[in-house]
Amino acid sequence: MRTRLAALAASFLLGGGALSPVHAQMAPLLVGYDESGLVVEEVTGIVGLDFVRGPGVTDLGGTRFDSGGFDEGNSIPAAFAAEDYWEFGLTVDPGFEVALDTLDIVVTRDGNGPDAAYVVTSLDGFEALLRRNVAIGTGPSRLLDVDVSGFEAVTGTVSFRIYGYDRNGANGRFQLLNDASIVAAEGEGAVAIYGEVFAVPEPAEWALSPTALVAVTGVVRARRAIPLPG
């Protein structure tokens, strides 16, 4: 029987700007990040992976995790070809597995930054668009509420990429932004990965479990019930 290790976490959005007035997460928090792109919270069985930049974008040196140099192309294929992405994720420790639920990502941009973004994952080779054509506003942050509930029994390392595109200027800024909607160690954060983590019994442990003993006992009884040739 799997052991549920993560405690239930909930978050809500304060009203104002372009953000939704209410946003509640019913799945437990697995990994939380602050606006510098660093892991500030993770549960047992999970190691969070800090944000890194793809080769197509540059570090603008701000206190937040930010980037410039996004391609001026206004299409998803252009952003993919230019490798204009941020990457983050988690590693599931041996003996555990994860059922993913939701990604919450709070970002903002300046007037020259990318107008739109999309999200992909390594779980399908970065092929399917988990969320596409998300409009990114200036000033008030925008919440990218990404459904990843289709990925269950996940093990090993999982990566997510956020691609930005359709920028308005060569040095346009795109950055993470702390918000009270994201649960993190300091009381707010910029990114959260929600889901559930389970302990998976080792084969040796399963062999000694009551379920396994019942199964073996049933086989023995069945064999004894077979009449011997007379």
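Residues numbered from 1 in each chain as written. Predicted model: local features only at pLDDT ≥ 70, side-chain atom pairs only at ≥ 80, totals over all residues. Heavy atoms only, no water.

**Q** Any chance you could explain unusual backbone geometry here in plain terms?
**A** Of note in the backbone geometry, Phe 126 takes a positive phi value of approximately 60° without being a glycine. Tracing the backbone through its elements, the reader meets Phe 126 in the loop between strand 8 (116-121) and strand 9 (131-135). The exposure class of Phe 126 is buried, given its relative accessible area of 17%. (Helix = DSSP H or I, 4+ residues; strand = E, 2+ residues; numbered from the N terminus. Buried < 20%, exposed > 50% of the residue type's maximum accessible area, 1.4 Å probe, protein only.)

**Q** Please clarify how the environment of Glu 87 should be interpreted in this entry.
**A** Considering the arrangement of structural elements, one finds Glu 87 in strand 6 (residues 85-92). Its relative accessible area of 18% is what places Glu 87 among the buried residues. A C-alpha to C-alpha distance of 5.5 Å links Glu 87 and Phe 51, two positions 36 residues apart in sequence. Ignoring sequence-local partners within four residues, the contact set of Glu 87 consists of Asp 50, Phe 51, Val 52, Phe 126, Ser 159, Phe 160 and Arg 161. A distance of 3.4 Å separates a polar atom in the side chain of Glu 87 from a polar atom in the side chain of Ser 159. (Contact = heavy atoms within 4.5 Å. Polar contact = N/O pair within 3.5 Å; in protein donor to acceptor, adjacent residues only side chain to side chain.)

**Q** Please explain the nonpolar core as it appears in this structure.
**A** Within soluble globular proteins, side chains that are nonpolar tend to cluster in buried spots. Counting 37 residues, the largest nonpolar core has Phe 88 and Ile 193 as the members making the most contacts within it. Per-element tally for this core: the top contributor is strand 7 (residues 96-109), with 6 residues. In this structure, Phe 88 is in contact with Tyr 33, Leu 49, Asp 50, Phe 51, Leu 103, Ile 105, Val 158, Ser 159, Phe 160, Ile 162, Val 191 and Ile 193, ignoring residues within four places of it in sequence. The next biggest cluster of nonpolar side chains, apart from the first, holds 9 residues, and it includes Ile 76, Tyr 85, Val 120 and Tyr 165. (Core = buried A, V, L, I, M, F, W, Y, C linked by side-chain atoms within 4.5 Å.)

**Q** What is the right way to read the confidence of the model for the protein from this model?
**A** Summing up the model confidence of the protein, the mean pLDDT is 78 and the portion of residues at 70 or higher is 73%. Contacts from residues 1-24, a stretch scored under 50 in pLDDT, to residues over four places away or in other chains number 61 contacts. pLDDT under 50 marks residues 212-230. Its contacts with residues more than four places away, or in other chains, come to 4 contacts. (pLDDT = per-residue confidence, 0-100.)

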